[in-house]
Amino acid sequence: MNIREIEYITIPISNQEVSRRFYHEVFDLPMITLPNGDMGADLRKMFLDFKVVDQVTPISFGLIAKDSMADIKAHLINYFVTIVDEPTEKQRTGETLIQSRF
């Protein structure tokens, strides 16, 4: 098997409106309706599929941004996002790879 891309990742959520606002406003992701009817976020080559579940378990993922670490932290604080683990930074061709939990 030769996997080239991931089409979607399912994100367990408890509240569709709160999740939509978080991913759209904090991460500036365009929201879409997926073919299966779920709400999701468009990441150009991949989708986040928001699935309402009874019990949400924490997930983690890394993000790539073109902003400085100081700007990223200020943005998260501005949106009242609780940072559980201090973000770490890896430089990659002018972008910042952020690994954290919020």
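Going by the structure above, here's the rest.
Residues numbered from 1 in each chain as written. Predicted model: local features only at pLDDT ≥ 70, side-chain atom pairs only at ≥ 80, totals over all residues. Heavy atoms only, no water.

Chemist: Now, about the overall build of the protein chain: what can you tell me, with residues and values included?
Modeler: A tally of helices and strands in the protein chain yields 2 helices and 7 strands. Written out in order from the N terminus, the α and β elements of the protein chain read β-α-β-β-β-β-α-β-β. Across the 102 residues in the protein chain, those meeting the buried criterion constitute 25%. Once local pairs closer than 6 in sequence are excluded, the contacts in the protein chain between residues at least 24 apart make up 49%. Surface accessibility of the protein chain: about 7600 Å² in total, with carbon and sulfur atoms responsible for 51%. (Helix = DSSP H or I, 4+ residues; strand = E, 2+ residues; numbered from the N terminus. Buried < 20%, exposed > 50% of the residue type's maximum accessible area, 1.4 Å probe, protein only. Contact = heavy atoms within 4.5 Å. Areas by Shrake-Rupley, 256 points an atom, 1.4 Å probe, with all protein chains shown as cover.)

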